[in-house]
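Report on the structure
Now for the letters of each chain:
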Amino acid sequence: MGESKKIKSALISVYYKSGLDDLVKELHANGVEMYSTGGTQKFIEELQLPVTPVETLTQFPEILGGRVKTLHPKIFGGILNRRNLNEDQIAIETHDIPQIDLVIVDLYPFEETVTSGATHEDIIEKIDIGGISLIRAAAKNYNDVAIISSVSQYDHLLELLKSQHGTTTYEQRKNLAAEAFHISSHYDNAIHNYFTANDSKHLKLSEQKAEILRYGENPHQRGWFYGDLSTLFDKLHGKELSYNNLLDVDAAVNLIGEFTTDGPTFAILKHNNACGLATRDTIKEAYEDALAADPVSAFGGILISNAFIDKETATLINELFCEVLIAPGYDSEGLELLKSKKNRIILVQKQVEFSQKQVRSALNGFLVQDKDLKTETESNLTTVTKRQVTSNDISDLLFANKLVKHTKSNTIVLAKNNQLLASGTGQTSRVDALTQAIHKAKAFNFDLNGAVMASDAFFPFPDCVEIARKEGIQAVIQPGGSVKDQLSIDYCNENDMAMVFTGVRHFKH
């Protein structure tokens, strides 16, 4: 146990051959006997290097259109035999089984085939059988065998071969085995999730990439991110995203996703909630009006736009200290200006499809739910008051309702002319949320006359519409559904207010 091992023989059968040429040349230079199959065998032969076909070793041909190549005792016996166990050594000598010290095998591209939109039959053919078996066998016998299970490990093995003269240490083989079991389990998870896409009986989560964060929510907490941010963003500048940055960026991306078909829209977020949001004719105007909602909270915030950032807007943004800026693109001169703050994180958002499920830890397990993908349109509004909503009211009500959906409950959002005036966030009562929103709007000198109010859930009492009316708010959007809805409706009718029901609650915890 724990000793270095000289690689004398290798089984090589891979789907991805990029970088394989340098590796097999180094194996040959170290006197390693190579066994291979199909396309990999041909690849090695074209390099004019000696290689033994697996069929020569097994005396059994590849069959079933390539479904069976390496599933044979002479292959698995060569991998699984324990070098320090006399009985194993007698067995392989009796059956003329060669030792295999290194296995280089990857897996058919199952996930890539699924995402390509291939037919079910093509997807099934990309379920690897021989490869996964070889990986597990070699990883199990890591005491004697090294396993390379991904093209990403070729360079690592090449470095080991050169620096250690064709040997591997126990710890190196153990680490390679751990990575191999990760790769095999991730692969099996992908297959399971394909077969059970609409099945809620089991939860299988696996991510190929992990990033160690500076710390978690607070400096005394460790933190990690599992996923591949490069599929979502191109990072142009700045420090690494922190745990809290990632939570805020997630909230920002989900919020701006509500405005993909709207005019230029800018949002500013702090602690997962929007403190500024506006839709305008230009992105400069949208930024200015988003900032006006709460320039104090905007300090150190997360900024996101649904439109290209021009130089004029970039110049204004550069005056504000912000942690992260996200947009579909940037003017080149404006970008250089924004880069003047060395720690400012600048991201270009890519157009990707997000999961339609949400997962979070709770107690000793996980909570899973469908994402709240319901976005109300004018056709979803039911006017329940005598006063009818105007076209301007409808525009503002739908704007506010998009925002209320992405704000911590209990929440009230006040808006006018497609601009957030203020919101009450994360309050234990809806009255407190409204009071907070009114106080904040007045603190920044907003006139609430003619504004609209949105609520994430129904009003159990008419107190909120009473308070809103006294501040000049003229239209309300809420889900409805309280046994006491009529009390709020009656108050609105008596005080010439308009109110619409959506029938959809938008709690966010």
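Whatever comes next refers back to the structure up there.
Described in the following lines is the structure provided in the data block. Owing to the predicted nature of the structure, the values given are computational and were not obtained by experimental measurement.

Right, let's get into the sheet that holds strand β6 (residues 146–148). The pairing of strands in a sheet comes from backbone hydrogen bonds and takes either a parallel or an antiparallel form. Pairing is parallel across the open sheet formed by 5 strands, whose spatial order is β4-β3-β2-β5-β6. The open sheet has two free edges, formed respectively by β4 (52–53) and β6, since each of these has just one partner strand. Pairing of strand β2 (residues 9–13) with strand β5 (residues 102–105), which is carried by 4 bridges, proceeds in the parallel orientation. In the strand pairing of β5, Ser 13 is matched with Val 105.

What follows is about the pairing of strand β11 (residues 265–270). Counting buried residues in β11 gives 5 out of 6 residues, a clear majority hidden from the surface. Strand direction decides the pairing type here: β11 and strand β12 (residues 273–279), joined by 6 bridges, are antiparallel. Of the residues in β12, the one forming a bridge with Thr 265 is Thr 279. Between β11 and β12, which pair antiparallel one after the other, the connecting turn spans 2 residues, and His 271 there sits at a positive phi close to 50°. Note that β11 and strand β13 (residues 301–305) share 4 bridges and pair antiparallel. Note on β13: the bridge partner recorded for Leu 269 is Ile 302.

So, on to helix α15 (residues 391–405). For α15, built from 15 residues, the straight-helix expectation of 21 Å at 1.5 Å per residue is met to within 8% by its first-to-last C-alpha distance of 21 Å. Across the 15 residues of α15, 12 count as buried, placing the element largely inside the fold. Buried residues of α15: Asp 393, Ile 394, Asp 396, Leu 397, Leu 398, Phe 399, Ala 400, Asn 401, Lys 402, Leu 403, Val 404 and Lys 405, and no others.

Each packed pair of helices is defined by two parameters, the angle between the axes and the distance between the axes. Their axes nearest at 8 Å, the elements helix α17 (residues 463–470) and helix α18 (residues 485–494) cross at an angle of 20°. What the angle tells us is that α17 and α18 run roughly parallel. Note on packing geometry: the crossing formed by α17 with α18 is right-handed. Where α17 abuts α18, its residues Val 465, Glu 466 and Arg 469 lie against Ser 488, Tyr 491 and Cys 492. In terms of residue class, the contact of α17 with α18 is built from 3 nonpolar, 1 polar and 2 charged.

The next point concerns the sheet that holds strand β19 (residues 412–415). The strand order across the open sheet formed by 6 strands is β18-β23-β22-β21-β19-β20, and the pairing between neighbours is mixed. The open sheet has two edge strands, β18 (382–383) and β20 (420–424), and neither has a second partner. As defined by bridge partners, β19 adjoins strand β21 (residues 452–455) across 4 bridges and the pair is classed as antiparallel. Within the sheet, the bridge partner assigned to Val 413 lies in β21 and is Ala 454. Seen against the sheet, helix α16 (residues 430–443) touches β19, β20 and β21 and runs at an angle of roughly 145° to β20.

Let us now look at helix α11 (residues 243–256). If you check α11, its first and last C-alpha atoms are 20 Å apart, about what 14 residues at 1.5 Å a residue would give, namely 20 Å. Three or more residues of α11 are buried, namely Asn 245, Leu 246, Asp 248, Val 249, Ala 251, Ala 252, Val 253, Leu 255 and Ile 256.

The next thing to look at is the nonpolar core. If you look at the biggest cluster of nonpolar residues, it comprises 51 residues, and the most contacted ones within it are Ile 12, Ile 79, Leu 102, Val 103 and Ile 104. For this core, the element with the highest residue contribution is helix α10 (residues 170–195), accounting for 7 residues. When residues no more than four places from it in sequence are discounted, the contact partners of Val 103 are Leu 11, Ile 79, Leu 134, Ala 138, Val 145, Ala 146, Ile 147 and Ile 148.

Right, let's talk about the pattern of salt bridges for a bit. Following the criterion strictly, the structure yields 19 salt bridges and no others. The salt bridge partner of Lys 5 is Asp 144, with a shortest N-O separation of 3.0 Å. Of the two residues, Lys 5 sits in strand β1 (residues 5–6) while Asp 144 sits in the loop between α8 (130–140) and β6, which places them 139 residues apart along the sequence. Each of the two residues, Lys 5 as well as Asp 144, counts as buried. Residue Lys 339 is joined to Glu 336 by a salt bridge in which the shortest nitrogen-to-oxygen separation is 3.7 Å.

Reading guide: rules and limits
Residues numbered from 1 in each chain as written. Predicted model: local features only at pLDDT ≥ 70, side-chain atom pairs only at ≥ 80, totals over all residues. Heavy atoms only, no water. Pairing = 2+ DSSP bridges. Helix = DSSP H or I, 4+ residues; strand = E, 2+ residues; numbered from the N terminus. Buried < 20%, exposed > 50% of the residue type's maximum accessible area, 1.4 Å probe, protein only. Expected span 1.5 Å × (residues − 1). Axes fitted to C-alpha atoms, helices over the stretch in contact; angles between N-to-C directions. Parallel < 35°, antiparallel > 145°, perpendicular 65-115°, else oblique. Left-handed = near helix turned anticlockwise from the far one by under 90°. Contact = heavy atoms within 4.5 Å. Nonpolar A, V, L, I, M, F, W, Y, C, P; charged D, E, K, R; others polar. Core = buried A, V, L, I, M, F, W, Y, C linked by side-chain atoms within 4.5 Å. Salt bridge = Lys/Arg side-chain N within 4 Å of Asp/Glu carboxyl O.

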